[in-house]
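Spelled out, the chains give:
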Amino acid sequence: MSDSDKKVQILDFEKPIYKIQDKIEELKKTSLDTNINYDDEIKKLEEQTKVYKKELYEKLEPYQKLQIARHPQRPNFMDYVHFMCEDFIELHGDRHGFDDKAIAGGIAKIDGKAVMLIGTMKGKSTKENLECNFGMPQPQGYRKALRLFEHANRFDLPIITLVDTMGAYPGMKAEEANQGEAIATNLKEMAKLEVPIIAVVTGEGCSGGALGLAVANKVMILEHAYYTVISPEGCASILWKDASMAKIATDALKITGEDLLKYGIVDEIIKEPIGGAHYNAEEMANNLKIALTKSLNEFEEYTKQELKNQRYDKFRNMGIFIQ
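Report on the accompanying structure. (Residues numbered from 1 in each chain as written. Predicted model: local features only at pLDDT ≥ 70, side-chain atom pairs only at ≥ 80, totals over all residues. Heavy atoms only, no water.)

Among the nonpolar cores identified, the biggest contains 58 residues, and Y80, F149, I159, V200, Y227 and L292 are the most heavily contacted of them. With near-sequence residues (within four places) excluded, Y227 lies in contact with V201, G205, A210, L211, A214, V219, I221, I255, L260, I265 and V266. Core analysis: the next-biggest nonpolar cluster, separate from the first, contains 10 residues, L11, F13, Y57 and Y279 among them. (Core = buried A, V, L, I, M, F, W, Y, C linked by side-chain atoms within 4.5 Å. Buried < 20%, exposed > 50% of the residue type's maximum accessible area, 1.4 Å probe, protein only. Contact = heavy atoms within 4.5 Å.)

This part is about the side chain of S31. Tracing the backbone shows S31 in helix α2 (residues 15-34). When neighbours within four sequence positions are excluded, S31 is seen to be in contact with I36, N37 and Y38. (Helix = DSSP H or I, 4+ residues; strand = E, 2+ residues; numbered from the N terminus.)

Orientation of α2 relative to helix α3 (residues 39-58), taken along the N-to-C sense of each, is 165°, at an axis distance of 10 Å. With respect to their mutual orientation, α2 and α3 come out roughly antiparallel. As α2 packs across α3, the resulting crossing turns out to be left-handed. Residues P16, I17, I20, Q21, K23, I24, L27 and K28 of α2 lie in contact with α3, whose contacting residues are E41, I42, L45, E46, Q48, T49, Y52, K53, L56 and Y57. Here the residues of the contact of α2 with α3 are counted per class, giving 10 nonpolar, 3 polar and 5 charged. (Axes fitted to C-alpha atoms, helices over the stretch in contact; angles between N-to-C directions. Parallel < 35°, antiparallel > 145°, perpendicular 65-115°, else oblique. Left-handed = near helix turned anticlockwise from the far one by under 90°. Nonpolar A, V, L, I, M, F, W, Y, C, P; charged D, E, K, R; others polar.)

This part covers the state of the cysteines. According to the stated counting rule, one finds 0 disulfides in the structure shown. Looking at the unpaired C206, the closest cysteine sulfur is the one in C235, lying at 11 Å. On the basis of relative accessibility, which here comes to 1%, the residue C206 falls in the buried class. For C235, a relative accessible area of 10% puts it in the buried group. (Disulfide = S-S within 2.5 Å.)

Two numbers describe how helix α11 (residues 232-240) lies on helix α12 (residues 246-253): the axes approach to 8 Å, and their chain directions differ by 105°. The angle between α11 and α12 falls in the class roughly perpendicular. Side by side, α11 and α12 meet where P232, E233, C235, A236 and W240 of the first sit next to A246, I248, A249, T250 and L253 of the second. Counted by class, the contact of α11 with α12 contains 8 nonpolar, 1 polar and 1 charged residues.

What follows deals with the pairing of strand β6 (residues 218-222). A regular strand places its side chains on the two faces of the sheet in alternate fashion. With 5 of its 5 residues buried, β6 lies for the most part within the structure. Of the two faces of β6, the one holding K218, M220 and L222 and the one holding V219 and I221 are both buried throughout. As defined by bridge partners, β6 adjoins strand β8 (residues 268-270) across 3 bridges and the pair is classed as parallel. Each residue of the ladder has a partner; that of M220, found in β8, is E268. (Pairing = 2+ DSSP bridges.)

All right, on to the environment of K19 then. As for its position among the elements, K19 is in helix α2. On the accessibility criterion, K19 (63% relative accessible area) is exposed. C-alpha separation for the pair K19 and T49, spaced 30 residues apart in sequence, amounts to 9.8 Å.

Quick look at the structure:
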């Protein structure tokens with residue numbers, strides 16, 4: 001196992017890979033201690049590992065993708081800012097006295113082009129997660145995002161949103177501060193914006209908490225991310241009164257990129273490094289940057305009215321109805 005791999009939290013279904021890698025390390029150590037050449041055996045095991053990893057991650061079950069999407073070391077909003085942006089000026093506050101750290105945003109330059117970059121923010125430690133409420137925005141967070149949307153619209157800046165949230169915060173204070181109205185207002189106002197909007201689900205995309213940042217001209221999703229009307233645990237709790245049936249709910253909800261693309265919910269799947277974005281954040285950010293740059297170029301020739309019409313038609317045409 002390499003030094004970089006040792007730092008990564010291993011998921012249960014990945015353990016067979018690391019058993020092989022541990023065997024490789026054991027053979028290398030034995031070779032040094034005994035001066036016996038095990039190069040052929042090591043090479044064979046390394047090739048076996050590559051093949052096994054490729055096959056494993058190409059054929060993941062939905063529930064396994066769910067685990068990768070929720071990996072605690074998955075890149076967060078500021079990781080993408082660091083690797084993708086030449087410049088980033090963070091803008092704070094909702095102009096009503098609050099600054100929700102679960103949503104971050106500001107003016108950025110990506111490949112020389114100025115954009116408004118907004119996203120949900122998760123932490124990498126318990127302390128960081130407490131500061132940003134585990135990526136669950138409150139009403140002031142959506143109002144902060146709305147302020148930045150309007151700023152971008154005023155100055156003709158394309159909008160990019162990065163979504164990674166288990167949902168809007170469901171607490172009493174959020175409800176008292178009109179959580180539903182804050183999200184509904186974002187949906188309405190995003191539909192009317194006259195600049196290109198590109199939304200990317202980078203990890204978890206749950207419920208209205210995700211949609212409040214994703215009424216876009218183009219919606220993309222990372223290979224192992226998911227996008228759903230309700231979390232599998234929430235769905236299982238409602239249907240079967242048993243959250244432990246989340247695996248069955250995950251299969252039924254059709255929340256992975258392949259199904260979402262098939263049903264027209266997302267427009268593009270962005271490839272992740274083998275094993276997931278958390279294995280190589282820089283490579284993942286580069287893949288995302290390429291996709292974003294291409295998408296921004298696609299909308300350059302659209303008029304303001306065409307952007308609104310395209311966005312409206314996109315969402316009106318979603319859904320499959322059987323009579």
